[in-house]
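Residue-level structural notes
Below are the chains, spelled out letter by letter.
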Amino acid sequence: MKNSDIPIKKWQQGYDVYPPLTMNEEDEARFTMLMRISDSRTLARNGIKFEELMYDSTALADYRKHYPQTKETVKKLIKVDPDDISKIYVYLEELESYLEVPCTDPTGYTDGLSIYAHKMIKKINREIIRESKDVLGLSKARMAIHERVKQEQEFFIASKTKSKITAVKKQAQIADVSNTGKGTIKISEEKTAPVQKNIVNDTFDDWDDDLEAFE
């Protein structure tokens, strides 16, 4: 193969002849906004409601004062980052731009929260914990889920460690290796007892049982 036939070399040659277009900061910001989830929501006196969460800000309140809305204009296009619902972006026709509007969440529930995680928390909150649907109830559900996952992880790690230790001991027993430090292997003509198969406990049995309610 010629040096010029190597894929990376061919790519470099193409790059040198036709370099890819680059975006400036404004173009990149527009592209990022375009790729977010689009939805339509009503602009009310206390802001905008999305997935049972309220979003409002001083800037949005000022907009409502300066631009009274009608039945035709009260519906607003919003953009949502699926990986961060702590804020939304509301398109204001009069200003021809998007306004970043934070969630009116006093508990910090939405910090670093994805829309998928929020929907799962709402489901668990509704079907198991049965707390109210406000951010306080959702925050409790999120903390409860976090604590449960942490406990399951710790139990899983502990059970794996225990299984490894048990497996090593059984191997030593099978080979009849002394655990006194002599490290000798004794071959015996006596009939040995059959080796029992390891019984693997399903760590997530209880967790799966709990999750059956979500399906």
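Everything numeric here is computed off the predicted structure, so don't read it as measured data.

A separate point is the overall build of the chain. In terms of helices and strands, the chain carries six helices and six strands. Helices (α) and strands (β) of the chain occur, in sequence order from the N terminus, as α-α-β-β-β-α-β-β-β-α-α-α. Across the 215 residues in the chain, those meeting the buried criterion constitute 24%. For the chain, the share of sequence-separated contacts (at least 6 apart) that also reach a separation of at least 24 residues comes to 57%.

Another aspect to go through is the nonpolar core. In terms of nonpolar packing, the biggest core is built from 21 residues, with Tyr55, Leu60, Ile78, Ile85, Ile88, Val90 and Val101 touching the most fellow members. Residue assignment for this core shows that the elements contributing at least two residues are strand S2 (47-50), strand S3 (53-55), helix H3 (58-66), strand S4 (75-81), strand S5 (84-92), strand S6 (97-102) and helix H4 (115-129). Among residues more than four places away in sequence, those in contact with Val90 are Ile48, Lys76, Leu77, Ile78, Ser97, Tyr98, Leu99 and Val101.

What follows is about the environment of Tyr55. Tracing the chain through its elements places Tyr55 in strand S3. One polar contact links the side chain of Tyr55 to the main-chain carbonyl oxygen of Ile85, over a distance of 2.6 Å.

A word on unusual backbone geometry. Unlike most non-glycine residues, Glu51 shows phi in positive territory, near 50°. Looking at where Glu51 falls in the secondary structure, it is placed in the loop between S2 and S3. A positive phi angle, close to 65°, is found at Glu52, a residue other than glycine. Examined against the element boundaries, Glu52 turns out to sit in the loop between S2 and S3.

Conventions adopted
Residues numbered from 1 in each chain as written. Predicted model: local features only at pLDDT ≥ 70, side-chain atom pairs only at ≥ 80, totals over all residues. Heavy atoms only, no water. Helix = DSSP H or I, 4+ residues; strand = E, 2+ residues; numbered from the N terminus. Buried < 20%, exposed > 50% of the residue type's maximum accessible area, 1.4 Å probe, protein only. Contact = heavy atoms within 4.5 Å. Core = buried A, V, L, I, M, F, W, Y, C linked by side-chain atoms within 4.5 Å. Polar contact = N/O pair within 3.5 Å; in protein donor to acceptor, adjacent residues only side chain to side chain.

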